[in-house]
Amino acid sequence: MTKHILVVGGGIGGTMTANSIVAKLYPEVARGAVKVTLLSDSPWHYYKPAFMYVAFDMFFEGELRRKQQSLLRPEIDFRVDKVTSFDFAGSKVKTQSGKTIGYDYIVVSTGCLPAPERIPGLKEAGDYFYQQKPALQMAERLRKFEKGRIFITVNFPKTPNVPHQCGIAPVETTLMLDEYLRRKGVRDQVEIVYTYPTVSQLLRNCLFLQQEVCEVMPAIFESKGIKYQRGFTLASVDPERKVATSEEGKEEGFDLLMCTPPIRAVDAVLESGVSQAANNEGWLPTNRQTLQLEGFPNAYVMGDTVDLPISKAGGSCHNQCPIIANNIAGDLRLGRTVDVYDGKVQAVAQMGLEAGMPLWYDYDEDVHPTPPTKVGGLLRKAFNRGIYWSVARGII
Amino acid sequence: MNTSSSDTGATLTETAAALSPLLDEATERGLKELLEKVAPLIQGRRFHNVVDLLSLASDGVDMFDDAMVQKLMKAYEESVGTAWALGNAARYAQNQAATLPVPTLFGLLRTAGNEDVRRGLHFVLQFLAVLGRQMNNDVEE
């Protein structure tokens, strides 16, 4: 009987994992013993990190998206249909089109959503770059911005030891902002204030979510005239007065509020009833080694949807994808999982508009920061403009 | 005691701080090992070629800019994407041909009526049309 592997989510995690599963299980797929289906709510695949560049007028829409079908192996049954509910116990999902789809294995890679509405006033007054429309809005505001105060806040999930979206993004965009304003010739009329909350995963009163990077940040910011504050946990925003208030009792004025907003899982995951995350954030309880959903051995979770302490970014998916493909293959062929995720994440951080800094870390070892370089910047640009699509196809 | 260096004006403390990575025991050991490895290359003037290559690579880095990266990566993605799509199609078709029964002539005609097959045939004809247009030599000397 044909085994059905259902991959939910057409982002980088779902796309590369569907491709990798077909590659790993090709003998079974070729003889019809395994069928792979990918469900996505969009016929387009977006390179999400490019939204950060959209905010600085460096990427057009046509450059940051491709037709999803063009990134998938032909053996994958791709359907544009949104999952509206998960029934992990019954091994089936319901979709927006009214279908019920059963599976033998499922990979949940549904990402996360910015939820600025979870902090009073933030949706009305804050700008962010994690989605295309808000990034375009921010680009428009930055284009007109010539003097004043840009206040930067970072908001962590309330679930303990779970990071915000893309750990390095707030630092990247702060440095990009500095250089963008210098190019415009208005930097000396703009005050940039970078802040970080009191609690950042396991750290307290830092400027980044890992100690070693946190220690080099003051020198980097001071060299660029960027002000910084520790211990600013955003509690509310007054859009009329343009004032941000922290849980620590501080009030800070701003002309532009650039934020990393709170995040949550998508509705269908939130409503699955499986999550034990705080604040109704919806992160699925994930086995940190096998990446199986706790209590449901035929379900795997990856990317932003996990409740693990590693970055919610494509660099995590890239390392989780082969583990999931191997474990599904192991379970099908040997009756047990065979691979273990070590928490590895790698990326090339965009440090300003030109320089880049390759980095990696895992469960046991933090990032060791190195000086940003032009070569690193070229590598990041090459990734943005071409290599990414090979990663999505499962070639790299 | 005067602790200022006569050439640079740096104090001894500053000079020692600047050299501190070199004073590290592991660095010193690593450099010594590296020198031992490189020595025959230097003696045989072969290291010159390595330096020339590094210089060339460095020139390349200096010349690269955003526009060049975009053009190169567009060519990369188009070629890799096309090769990948063609490879996929060939593998898929090979597997289908190997596993499905050989169709009759009428069966082939029925297959040709499939929308995806017609789209593929249309692509092939358009592809040939472009080749034909590019090969048009109807130009007066």
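Parameters at a glance
Residues numbered from 1 in each chain as written. Chains lettered and ligands numbered in written order. Predicted model: local features only at pLDDT ≥ 70, side-chain atom pairs only at ≥ 80, totals over all residues. Heavy atoms only, no water. Helix = DSSP H or I, 4+ residues; strand = E, 2+ residues; numbered from the N terminus. Rg over C-alpha atoms; globule rule 2.2 N^0.38 Å. Buried < 20%, exposed > 50% of the residue type's maximum accessible area, 1.4 Å probe, protein only. Contact = heavy atoms within 4.5 Å. Areas by Shrake-Rupley, 256 points an atom, 1.4 Å probe, with all protein chains shown as cover. Phe/Tyr/Trp six-rings, centres within 6.5 Å; stacked < 30°, edge-to-face > 60°. Lys NZ or Arg CZ within 6 Å of the ring centre and 35° of its normal.

- Per an unreviewed UniProt entry, chain A goes by Sulfide:quinone oxidoreductase and derives from Aquamicrobium lusatiense.

What about the overall build of chain A?
Right, on to step 1. Looking only at helices and strands, chain A has eleven helices and 25 strands in total.
Right, on to step 2. Its C-alpha atoms give chain A a radius of gyration of 21 Å, within 12% of the compact-globule value 21 Å for 396 residues.
Right, on to step 3. Projected onto the principal axes, the alpha-carbon positions of chain A cover approximately 70 × 40 × 40 Å.
Right, on to step 4. Expressed as a percentage of the 396 residues in chain A, the buried residues total 60%.
Right, on to step 5. Long-range pairs, those at least 24 residues apart, make up 64% of the contacts in chain A with a sequence separation of at least 6.
Right, on to step 6. If you sum the accessible surface of chain A, you get close to 15,500 Å²; carbon and sulfur atoms cover 51% of it.

So, the environment of Gly 343 of chain A
Residues and elements named next belong to chain A.
Right, on to step 1. Inspection of the secondary structure assignment puts Gly 343 in the loop between α10 (314–334) and β24 (345–351).
Right, on to step 2. The spatial distance from the C-alpha of Gly 343 to the C-alpha of Glu 365 is 9.4 Å, given a sequence separation of 22 residues.
Right, on to step 3. In this view, Gly 343 contacts Ile 310, Tyr 361, Asp 362 and Tyr 363; residues no more than four positions away in its chain are not counted.

Some thoughts on the packing of aromatic side chains
The geometry of an aromatic ring pair comes down to the distance between the two centres and the angle between the two planes.
All names here are of chain A.
Right, on to step 1. All told, the structure shown has 17 aromatic pairs over all chains when counted by the stated rule.
Right, on to step 2. Arranged with centres 4.2 Å apart and planes meeting at 40°, the rings of Tyr 47 and Tyr 388 form a pair that is tilted. Linking Tyr 47 in the loop between β3 (44–46) and α3 (51–54) with Tyr 388 in helix α11 (residues 374–392), this pair joins segments that are 341 residues apart in sequence. Across this residue pair, the class does not change: Tyr 47 and Tyr 388 are buried.
Right, on to step 3. Centre to centre, the rings of Phe 56 and Tyr 180 are 5.5 Å apart; their planes meet at 65°, and the pair counts as edge-to-face. A residue pair is termed long-range when its members are at least 10 positions apart, and Phe 56 in the loop between α3 and α4 (61–64) and Tyr 180 in helix α7 (residues 169–184) qualify at 124 residues. Here Phe 56 and Tyr 180 have matching classes, each one buried.
Right, on to step 4. Here a set of aromatic residues connected by ring pairs shows up, and it is made of Phe 156, Tyr 194, Tyr 196, Phe 221 and Tyr 228.
Right, on to step 5. Geometry around Tyr 363 places Arg 288 over its ring, the cationic atom sitting 3.9 Å from the centre.
Right, on to step 6. Over the aromatic face of Trp 360 sits the side chain of Lys 344, whose NZ or CZ is 5.6 Å from the ring centroid.

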